Amino acid sequence: MSEVPLSRETSRRLEPNRVLTAARQKLGWSRRRAAQELHRLGATRGLPELDSIEKTIYRHESGKAHCQDPLYIELYCAIYKATTQELFGAIEPAQTSPRPLSGVRSHKFIPAYIGASRVAALIERASATPTDATFGLECHRVDVPNVHGKCALYLWPFGVAMFHLVEELELPNLANLAIWRRQTYARDLEWASGYLSEALSASAHASYVLSAYWVHAPSWQAHELDTALRIMCIPRILHERDSEMSPSSLAHAELVERSLLADGFEHSEMVSYGFKGISIGYASWSGVVYYPTAPRRALAEHEIVNVELATQAMWSYCEFINTQIEQGRDPHVADEYGWRFLRGARSRLLNARPQETEYHKCMRMAILETSGTPDRLSEAIEIIRETRER
């Protein structure tokens, strides 16, 4: 049996395999019980005696030895009904452990369609003030209390209310970000729905959360930085498929993180909007990430925020229109926010302004392309024109 004993220096770098331990504990097995199963399946293929197998399991789980033996890997996968990637993550002993995630600001955009009349009532009740930060689209803004960070509520007269929640992140690694993101999305949706329902004295439901991450002081080494930002753009890549978080979810995510940081990560639908020597930026359906390597020449934080506010507001409005169609009804929207309004909004979002920088243009188009908003706007325009012309 080949097993890689570790030097004192390497042992410090190799993390315990908590996924392997969790897989055993999930079955309610002691190490002795797991050794018996391995012995049963592998005794005729060269595995040693039971006591020796039990000690080997301890070394593999604790990180005192790195499991590279193909037979042990095969048998572990068989008794735990898991894949090699799930149990071992293709991690080499010399790999660096994931670095802490710090110097990152999280922007969450949490929209809800509540209707034009309710928006008007909420603007008056909350004494919201006009803002010009959303591509010429009429909008009001008011600060709202939130225990998790700085929060503002944006209100568009065509019926969309959107919370913008800003949180400073200090997390042990990207795996913790993926878990935190998944857990807080449910929390934030519940909070946003409750806030609006109480403010309106009527039921309201926030529909989704979209994240953008502003990285101002990255903790990764230069050779890991680009891959780390790509993972931040689609952190769900670290998750298991299961809808519910299990005790081994974090450990599994950490294994995948180390593997991806070593091997790199690509995704066909991720769009880059960074410029070499200026910035690193990526956009996807899941979210947006940006690191200004030359802050005085790169985009400003508020520029990305403003594009997302406008994009998500129009996406939500179009979603409301499409939902009515899917329910077999003609969409009912106010005349001033019909197809001509949508056509104008599409033009504002898609067409470059005379003094717009190349950096801003690339960012704007990356966000629009990955969100699918232009297509949704075109569909909504066609739907409303068709129903009005009947």
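Now for a quick tour of the structure. (Residues numbered from 1 in each chain as written. Predicted model: local features only at pLDDT ≥ 70, side-chain atom pairs only at ≥ 80, totals over all residues. Heavy atoms only, no water.)

Quick notes on the overall build of the chain
When you go through the chain residue by residue, the secondary structure sums to 14 helices and 11 strands. Seen along its three principal axes, the alpha-carbon backbone of the chain occupies a region of about 80 × 45 × 40 Å. Across the 390 residues of the chain, 54% fall into the buried class. Excluding contacts between residues fewer than 6 apart, the proportion of contacts in the chain whose partners are at least 24 apart in sequence is 70%. On the chain, roughly 18,700 Å² of surface is accessible, and the fraction owed to carbon and sulfur atoms is 49%. Counting 44 positive and 48 negative side-chain charges, the chain places the averaged centre of each group 2 Å from the other. (Helix = DSSP H or I, 4+ residues; strand = E, 2+ residues; numbered from the N terminus. Buried < 20%, exposed > 50% of the residue type's maximum accessible area, 1.4 Å probe, protein only. Contact = heavy atoms within 4.5 Å. Areas by Shrake-Rupley, 256 points an atom, 1.4 Å probe, with all protein chains shown as cover. Lys, Arg positive; Asp, Glu negative; His and termini not counted. Charge placed at Lys NZ, Arg CZ, Asp CG, Glu CD.)

Overview of the side chain of glutamate 61
One can find glutamate 61 in helix 4 (residues 50–62). On the basis of relative accessibility, which here comes to 3%, the residue glutamate 61 falls in the buried class.

Describing the nonpolar core
Grouped burial of nonpolar side chains is what soluble globular proteins tend to show. Among the nonpolar cores identified, the biggest contains 48 residues, and Trp156, Phe158, Tyr273, Ile304, Met314, Tyr317 and Leu342 are the most heavily contacted of them. The set of elements that each furnish at least two residues to this core consists of strand 6 (150–155), strand 7 (160–171), strand 8 (210–215), strand 11 (287–291), helix 11 (301–326), helix 12 (339–350), helix 13 (358–371) and helix 14 (373–388). Here this core takes 11 residues from helix 11, the largest share from any one element. (Core = buried A, V, L, I, M, F, W, Y, C linked by side-chain atoms within 4.5 Å.)

Looking at the packing of helix 3 (residues 31–42) against helix 5 (residues 70–80)
For any two helices packed against each other, one specifies the crossing angle of their axes together with the interaxial distance. At their nearest, the axes of helix 3 and helix 5 sit 10 Å apart, and the two run at 115 degrees to each other. The angle between helix 3 and helix 5 falls in the class roughly perpendicular. The two elements helix 3 and helix 5 cross, and the hand of that crossing is right-handed. Residues Ala34, Glu37, Leu38, Leu41 and Gly42 of helix 3 touch helix 5, and the partners they reach there are Tyr72, Leu75, Tyr76, Ala78, Ile79 and Tyr80. Of the residues assigned to the contact of helix 3 with helix 5, the class counts are nine nonpolar, one polar and one charged. (Axes fitted to C-alpha atoms, helices over the stretch in contact; angles between N-to-C directions. Parallel < 35°, antiparallel > 145°, perpendicular 65-115°, else oblique. Left-handed = near helix turned anticlockwise from the far one by under 90°. Nonpolar A, V, L, I, M, F, W, Y, C, P; charged D, E, K, R; others polar.)

Worth remembering: the numbers are spatial, not functional.
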